[in-house]
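Geometric and topological summary
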Amino acid sequence: MSFALSNDVSIPRLGFGTWQIPDGEAAYEVVTEALRLGYRHIDTARAYGNEESVGRAVRDSGIAREEVFVTTKLPAEVKSHALAVEAFEGSSKALDLGWIDLYLIHAPWPWTEIGKDHRAGNIEVWKAMEGFYASGATRSIGVSNFNVKDLESLRSDTDVTPHANQIMWFVGNRQAETTEYCQAEGILVEGYSPLATGRILQNPEVQGMADRYGKTVAQLCIRYLLEHDVLPLPKSTTPSRIAENADVDWQLDAADVAYLDGLANTV
Ligand code: A2P
């Protein structure tokens, strides 16, 4: 099962997140396991430092390259054309997969300057990314951590509408304004930290609902994103949980989705 990006590229509807998974054996083994368990969409970033291991695991998996969707990201602090080219070449080389499937601007501002206006820099790097996209070196391009204003200022001066926006998304934090804008404009919303980095797992209200479905809280929280057409990117280093998190072929009743929508302060 998959979503279609606005350029008709198909993207598997569940991705495996690799933030904070160290390069080397740890990342290699966990990505290998995720692929073995059926994941076909791996999300990494230059800033995670594990692209080399992610790429090696995909190459060694024996799965055809076209069947695995790989996302990586331009470091948040890169806001110039020349450094964007350098970073993209670095990622392409580290992954060594022939092409990248989705390339994202990691954030609208460097992590040390959250909220600061980098409009001109984002437009400059986006133009570089339009070039990577036009050349076929990446099959789609997008952004991450962009709000409506960030998206509007980027789009006012560039040609390609981002194919995706990856934002933090979980029960109690569904970023309604950004999500609605993106979905109206044909920008796929991807949700990272669907388990609130694990903090939601102790929530008694969500636990009670999960029990009714015979699912775990993690499974319910991941399925909740899909009910909103948001692509979940759960991450785990535990094989049994990696498998558990892939059980998304079921549905939440509309009344339960509405109830979850109304929850605030879940963590
Ligand atoms: P671990 O890697 O030890 O399995 P998020 O995707 O929201 O960022 O959450 C990731 C955190 O949630 C990690 O600490 C991960 O721990 C934990 N986690 C992931 N899947 C599950 C699960 N099915 N059950 C319990 N904890 C989980």
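Above this note sits the structure.
Residues numbered from 1 in each chain as written. Predicted model: local features only at pLDDT ≥ 70, side-chain atom pairs only at ≥ 80, totals over all residues. Heavy atoms only, no water.

1. With respect to the pairing of strand β6 (residues 102-105)
The alternating pattern of β6 places L102 and L104 on one face and Y103 and I105 on the opposite face, and all of these are buried. The handedness of the strand β5 (residues 69-74) to β6 crossover, carried by helix α3 (residues 81-95), is right-handed. As defined by bridge partners, β6 adjoins strand β7 (residues 141-144) across three bridges and the pair is classed as parallel. The residue of β7 that forms the bridge with Y103 is I141. The handedness of the β6 to β7 crossover, carried by helix α4 (residues 119-135), is right-handed. (Buried < 20%, exposed > 50% of the residue type's maximum accessible area, 1.4 Å probe, protein only. Helix = DSSP H or I, 4+ residues; strand = E, 2+ residues; numbered from the N terminus. Right-handed = clockwise from strand over helix to strand, strands pointing away. Pairing = 2+ DSSP bridges.)

2. Concerning the site of the ligand
Lining the immediate surroundings of the ligand are 16 residues, of which L195, K235, S236, T237 and R241 lie closest. A196 is positioned with one of its backbone polar atoms (N or O) 3.3 Å from an oxygen atom of the ligand. Within the backbone of T237, an N or O atom sits 2.8 Å from an oxygen atom of the ligand. Look at the ligand: alone it shows 570 Å² of surface, and the protein chains cover 80% of it. Grouping the constituent residues of the shell around the ligand by class yields six nonpolar, seven polar and three charged. (Near = heavy atom within 4 Å. Polar contact = N/O pair within 3.5 Å; in protein donor to acceptor, adjacent residues only side chain to side chain. Areas by Shrake-Rupley, 256 points an atom, 1.4 Å probe, with all protein chains shown as cover. Nonpolar A, V, L, I, M, F, W, Y, C, P; charged D, E, K, R; others polar.)

3. Digging into the nonpolar core
Membership of the largest hydrophobic core comes to 81 residues, with the highest contact counts inside it found for Y103 and L260. Take this core: its biggest share by element is eight residues, from helix α8 (residues 217-227). Beyond its immediate chain neighbours, meaning those up to four positions away, Y103 contacts T72, K73, L74, A87, F88, S91, M129, F132, T138, S140, I141 and G142. (Core = buried A, V, L, I, M, F, W, Y, C linked by side-chain atoms within 4.5 Å. Contact = heavy atoms within 4.5 Å.)

4. Remarks on helix α2 (residues 51-60)
Three or more residues of α2 are buried, namely E51, S53, V54, G55, A57 and V58. Where α2 is buried, its residues touch α1 (25-36), β4 (41-43), β5 and α3. Remark: G62 follows α2 within two positions and exhibits a positive phi of approximately 80°.

5. Brief notes about helix α6 (residues 176-184)
Residues of α6 that are buried: T178, T179, Y181 and C182. Viewed along the axis of α6, the buried residues span an arc of 165°, placing them on a single side of the element. Within α6, the exposed residues directed more than 90 degrees away from the buried face are E177, E180 and A184. Buried residues in α6 make contact with α5 (148-156), β8 (164-168) and β9 (188-192). At the C-terminal side of α6, G186 shows a positive phi close to 75°. (Arc of directions from axis to C-beta.)

6. Looking at the side chain of T179
Of note, T179 is situated in helix α6. Given the relative accessible area of 6%, T179 is considered buried. Within the structure, the side chain of T179 is placed 3.2 Å from the backbone oxygen of R174, a separation counted as a polar contact. T179 has contacts with I167, W169, R174, V189 and V230, leaving out every residue within four places of it along the chain.

7. Regarding the pattern of salt bridges
For the coordinates displayed, the defined rule picks out 15 salt bridges. Across the pair D43 and K73 runs a salt bridge, and its minimum N-O distance is 2.6 Å. One end of the pair, D43, is in strand β4; the other, K73, is in strand β5, with 30 residues separating them in the sequence. A relative accessible area of 0% places K73 in the buried class. Across the salt bridge formed by R119 and D157, the nearest N and O atoms sit 3.5 Å from each other. Here R119 is found in helix α4, whereas its partner D157 is found in the loop between α5 and β8, with 38 residues between them in sequence. A relative accessible area of 36% means that R119 is categorised as partly exposed. The partly exposed category is assigned to D157, whose relative accessible area is 41%. (Salt bridge = Lys/Arg side-chain N within 4 Å of Asp/Glu carboxyl O.)

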